[in-house]
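The primary structure of each chain is shown beneath.
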Amino acid sequence: MSVITYRQALRDTLRAEMHRDENVFLMGEEIGVFEGSYKITEGLLKEFGERRVRDTPIAEEGFVGAAIGAAMLGLRPVVEIMTINFSLIAIDQIINHAAKIYGMFGGQTSVPMVIRTPGGGGQQLGATHSQNIELFYSFVPGLKVLAPSTPAEAAAMLRAAIRDDDPVLFLENLGLYNSKGEVPEGDETVAEIGRAAVTREGTDITLIGYSRMAMVAGQVAEALAAEGISVEVVDLRSLRPLDRQTIVESVCKTGSAVIAEDDWLTYGIGAEIAASIQEGAFDYLDAPVRRVAMAEVPMPYAKPLESAALPSVESITTAVKETLNAVGRRVG
Amino acid sequence: MSNNTAQKQPELVQLLTPEGELRRHPDYPIDISAEEMRGLYRDLVLVRRVDTEAVALQRQGELGLWASLLGQEAAQIGSGRALRPGDMAFPSYREHGVAWCRGIRPRQLLSMFRGVSNGGWDPHEYGFHLYSIVIASQTLHATGYAMGVQRDGALGADGTAVICYFGDGATSQGDTSEAFNFAAVNNAPVVFFCQNNQWAISEPPERQARVPLYRRAAGFGFPGVRIDGNDVLASLAVTRAALQHAREGQGPMLIEAFTYRMGAHTTNDDPSRYRVSAELEEWRSKDPIERVRTHLTNEGIADDAFFAEVDAEAESIGERVRRECRELPDPDPLDIFHEVYAEPNGHIDRQRADFADYLASFEDADAEGVR
Ligand SMILES: Cc1ncc(C[n+]2csc(CCOP(=O)(O)OP(=O)(O)O)c2C)c(N)n1
Ligand SMILES: [Mg+2]
């Protein structure tokens, strides 16, 4: 076992996949000489050269579209979009083309590409640079959307994404890059796409999150354990396909659920989870499903305002306790 | 207007050499008084001082971020001073010098970078739009605004012109090409002012284009010209001519100001990772302020007392910027709900009320803790 950062896990996996398959290549703004805005591609231009690591002009629609073309002809592009916010410029290529080419061309050609991109607020980057808009992609048949929360998951899921024959949006998070975790030495695990994970077992309540919120959910559960509250944490890991079974099984066991999302509430991913729980675990629910999300405002840039807008350990903890109180278990 | 597409070596309009000598240009004559010349010098020195202070404030944790204009003062002051009060400028995020020319106070800029306000000024009042950070998005906004000016019939010798600022990197974005085309097809009164500062974060212009950027315009059917972006007179004269061309209804023009970003991309960046110091040295010898100072001295237009006066003014502005920045009041957490919709909105009002209750619950808990 070695303990490495999420960033390192991504970098090691990209490197190993590039060695494994000559067709894998990287493309994006600032990923070569500059080694990536968040240094995920550090050392890769030096090691693999310009043929495999391409700095592009500032044109997101351009390089995503070009990657689709390359993928259709059998290459395996792994595109980095500096942050998910700039994917909006490429959204036609992603939703109308990457996701639909296989079907609209009668299955003649798939689009085996990966778009790696971080979301995440909390970095004081302002309203246009702090969004979590993976929801847009999670909505679209033909795309797969993965959102790992730990270094080990990041590695296993990136491996799976690169080897998958369909377009995958691989969601990273600015708030996770420096987080650390154990990754087995020489691990070659290829994650099964579309599987959630119970990352902490518990009996009182189910707390559901993904990406950074899965990590925060773990912290909340840890703190509540000290107060004698047993929280089960479900990390969604894959937003499309969505593993409804794991969610429902957990809620059937605990009888209540809180969903934490780093995103706006209305029409959000939490709404989809809540609907799935209602459909699959209605008879087991002892209290209404609660969602904790961002304030529905463009993200403020000032630090105190940004903190006010984001869900926090405190706001999630409050929601968990209020839900348990509603069930009739008096807590804090 | 000259259209240099046929030439092999890009011609660069220069009216004041790095040695401080005046040059004549057939297309861009300039007639400038001693007083105006001293005024430009003062502008250049003061905006550099404000910029240096802002970088220092960011280092001290007083600002979230700052994008320095160091090295680009001449491009910005020259073009900024070419604007008339009724003209409209659309900046990217580095145009503090243009903001200065439009009468925006440093405190207003800092309030945005400190994050205590989302918009430190009324764009209509100053003829200067708010900063735009999604690369190239403002090229379309400027074009649309110019089409509006045209629709209002506000053209003619005393009409309105629009100027749009963007970087070399922004020329790669589809928005820029679409803006060029819209402006050309509609003959819109907009001047595209590209500051080619030789870097887009870590990417040099070779990554963005195979032809000199000013030649782009020819393909869209309007004139393009490259100027020495470190020459405040070239920037003033060529922008003035281009704005006049636009306001008289002759359509858009592209100015490529060939300059250099002497500082980091932003305070988050370390340029030593990707560029060599020799390049920096070469550009240092073309400093936009030094050449004006040399010219003023050699021509006897300014004496030591004048330079000392400007330096003293710069010092006091630096001190004022520092103080005013620290005095900016922190916003109230409930402010996040204030600027979502222009009209009152029930959904937002409910959120604000819930959030106020939530905040109050901590105050109650704190109060109990004290008891
Ligand atoms: C659509 C979009 N893509 C990427 C970025 C990230 N980014 C911020 S500044 C920048 C470089 C811009 O370079 P240039 O246009 O030359 O302007 P300069 O910073 O040199 O003034 C990039 C890529 C962004 N802000 N918006
Ligand atoms: Mg640039």
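Note that the coordinates shown come from a computational prediction; the quantities given were computed from them, not determined experimentally. (Residues numbered from 1 in each chain as written. Chains lettered and ligands numbered in written order. Predicted model: local features only at pLDDT ≥ 70, side-chain atom pairs only at ≥ 80, totals over all residues.)

(A) Local environment of the overall build of chain A. Looking only at helices and strands, chain A has 12 helices and 14 strands in total. Relative to the globule expectation of 20 Å for 332 residues, the C-alpha radius of gyration of chain A, 20 Å, shows essentially globular dimensions. Oriented by its inertia axes, the alpha-carbon framework of chain A measures out at about 60 × 45 × 40 Å. Among the 332 residues that make up chain A, the fraction classed as buried is 55%. Of the contacts formed within chain A by residues at least 6 apart in sequence, a portion of 79% connects residues at least 24 apart. (Helix = DSSP H or I, 4+ residues; strand = E, 2+ residues; numbered from the N terminus. Rg over C-alpha atoms; globule rule 2.2 N^0.38 Å. Buried ≥ 20, exposed ≤ 12 C-beta atoms within 10 Å, placed from the backbone. Contact = placed C-beta atoms within 7 Å.)

(B) Region of interest: the overall build of chain B. For chain B, the count of helices and strands is 13 helices and 6 strands. By the compact-globule yardstick of 21 Å for 371 residues, chain B fits well, its C-alpha radius of gyration being 22 Å. When the backbone C-alpha atoms are referred to their principal axes, chain B occupies close to 80 × 50 × 40 Å. Of all 371 residues assigned to chain B, the portion counted as buried reaches 47%.

(C) Quick peek at helix H4 (residues 106–114) of chain B. All names here are of chain B. Within H4, 7 of the 9 residues are buried, leaving the element largely enclosed by the surrounding structure. Where H4 is concerned, the buried positions are Pro106, Leu109, Leu110, Ser111, Met112, Phe113 and Arg114. Summarising the contacts, the buried residues of H4 are in contact with helix H1 (34–59), helix H3 (96–101) and helix H12 (304–327). Backbone geometry just after H4 places Gly115 at a positive phi near 85 degrees.

(D) Fine view of the interface of chain A and chain B. The interface is formed by 24 residues belonging to chain A together with 28 residues belonging to chain B. Of the residues contributing to the side of chain A that touches chain B, the split by class is 15 nonpolar, 4 polar and 5 charged. (Nonpolar A, V, L, I, M, F, W, Y, C, P; charged D, E, K, R; others polar.)

(E) Representation of helix H2 (residues 73–82) of chain B. Residue and element names in this part refer to chain B. Most of H2 sits inside the fold, with 10 of its 10 residues counted as buried. Taken together, the buried positions of H2 are occupied by Glu73, Ala74, Ala75, Gln76, Ile77, Gly78, Ser79, Gly80, Arg81 and Ala82. Tucked into the core, H2 has its buried residues touching H1, H3, strand S3 (162–167), strand S4 (190–196), helix H9 (232–247) and strand S6 (253–258).

(F) Broad picture of the sheet that holds S3 of chain B. Residue and element names in this part refer to chain B. One open sheet holds the 6 strands; their spatial order is S1-S5-S6-S4-S3-S2, and the pairing between them is parallel. The open sheet has two edge strands with one neighbour each: strand S1 (12–13) and strand S2 (88–90). In this sheet, strand S5 (residues 224–228) lies alongside S1 in parallel orientation, the contact comprising 2 bridges. Paired with Leu12 across the two strands is Arg226, which belongs to S5. On top of the sheet, helix H6 (residues 137–151) reaches S2, S3 and S4; it is set at about 170 degrees to S3, its chief contact. Each of S1, S3, S4, S5 and S6 is contacted by H9, which is oriented at about 170 degrees to S6, the strand it contacts most. (Pairing = 2+ DSSP bridges. Axes fitted to C-alpha atoms, helices over the stretch in contact; angles between N-to-C directions.)

(G) Fine view of the site of ligand 1. Around ligand 1 lies a shell of 19 residues, among which Ile135, Gly167, Gly169, Ala170 and Ala200 of chain B are the nearest. Each of chains A and B places residues near ligand 1. For the shell around ligand 1, the class distribution of residues is 11 nonpolar, 4 polar and 4 charged. (Near = placed C-beta within 6 Å.)

(H) Main features of the sheet that holds strand S2 (residues 24–28) of chain A. All names here are of chain A. Strands sit in the order S3-S2-S4-S5-S7-S6-S12 across an open sheet of 7 strands; the sheet is mixed. Two strands in the sheet have a free side with no partner beyond their single neighbour: strand S3 (53–55) and strand S12 (238–240). If you compare each strand with its neighbour and ignore which way they point, the axes differ by 20 degrees on average. In terms of strand pairing, strand S6 (residues 144–146) meets S12 through 2 bridges, oriented antiparallel. Residue Leu146 lies in a different strand from S12, and its bridge partner there is Ser238. Strand contacts of helix H3 (residues 60–72): S2, strand S4 (76–80) and strand S5 (114–119), with the helix running at about 165 degrees to S4, the strand carrying the most contacts. Contacts between helix H7 (residues 151–163) and the sheet are confined to S2, S4, S5, S6 and strand S7 (168–173), with S7 contributing the most and set at about 155 degrees to the helix.

(I) Structural detail: the nonpolar core. Among the nonpolar cores identified, the biggest contains 197 residues, and Leu207 of chain A together with Val191 and Ile255 of chain B are the most heavily contacted of them. For Leu207 of chain A, the residues in contact, after removing those within four places along its chain, are Ala217, Val220, Ala221, Val231, Val233, Val258, Ala260 and Val320 of chain A. (Core = buried A, V, L, I, M, F, W, Y, C linked by C-beta atoms within 7 Å.)

(J) Focus on the domain arrangement of chain B. Here the domain parsing of chain B yields domain 1 (12–327) and domain 2 (335–370). With centres defined by C-alpha atoms, the gap from domain 1 of chain B to domain 2 of chain B works out at 41 Å. (Domains from an automatic or database assignment.)

(K) Quick peek at the domain arrangement of chain A. All names here are of chain A. Along its sequence, chain A is carved into domain 1 (2–183) and domain 2 (197–327). Look at where the C-alpha atoms of domain 1 and domain 2 centre, and you get two points 26 Å apart. Those elements that place two or more of their residues in the side of domain 1 that touches domain 2 are helix H6 (134–138), S6 and S7. Split by residue class, the side of domain 1 that touches domain 2 holds 9 nonpolar, 13 polar and 3 charged.

(L) The arrangement of the packing of H3 of chain A against helix H4 (residues 91–98) of chain A in detail. Residue and element names in this part refer to chain A. Put simply, H3 and H4 touch, their axes get as near as 8 Å, and they point 25 degrees apart. On the basis of the axis angle, H3 is roughly parallel to H4. Within the contact between the two elements, H3 uses Glu61, Val64, Gly65 and Ile68 and H4 uses Gln93, Ile94, His97 and Ala98. Classifying every residue of the contact of H3 with H4 by side-chain character gives 4 nonpolar, 3 polar and 1 charged. (Parallel < 35°, antiparallel > 145°, perpendicular 65-115°, else oblique.)

(M) Summary view of the environment of Tyr214 of chain B. Residues and elements named next belong to chain B. Mapped onto the elements, Tyr214 comes out in the loop between S4 and helix H8 (216–220). Residue class for Tyr214 comes out buried when judged on the 27 C-beta atoms lying within 10 Å of it. Spatially, the C-alpha atoms of Tyr214 and Gly120 are 33 Å apart, while their sequence positions differ by 94 residues. Filtering out sequence-adjacent residues up to four positions away, Tyr214 remains in contact with Gly224, Val225, Arg226, Leu254 and Glu256.

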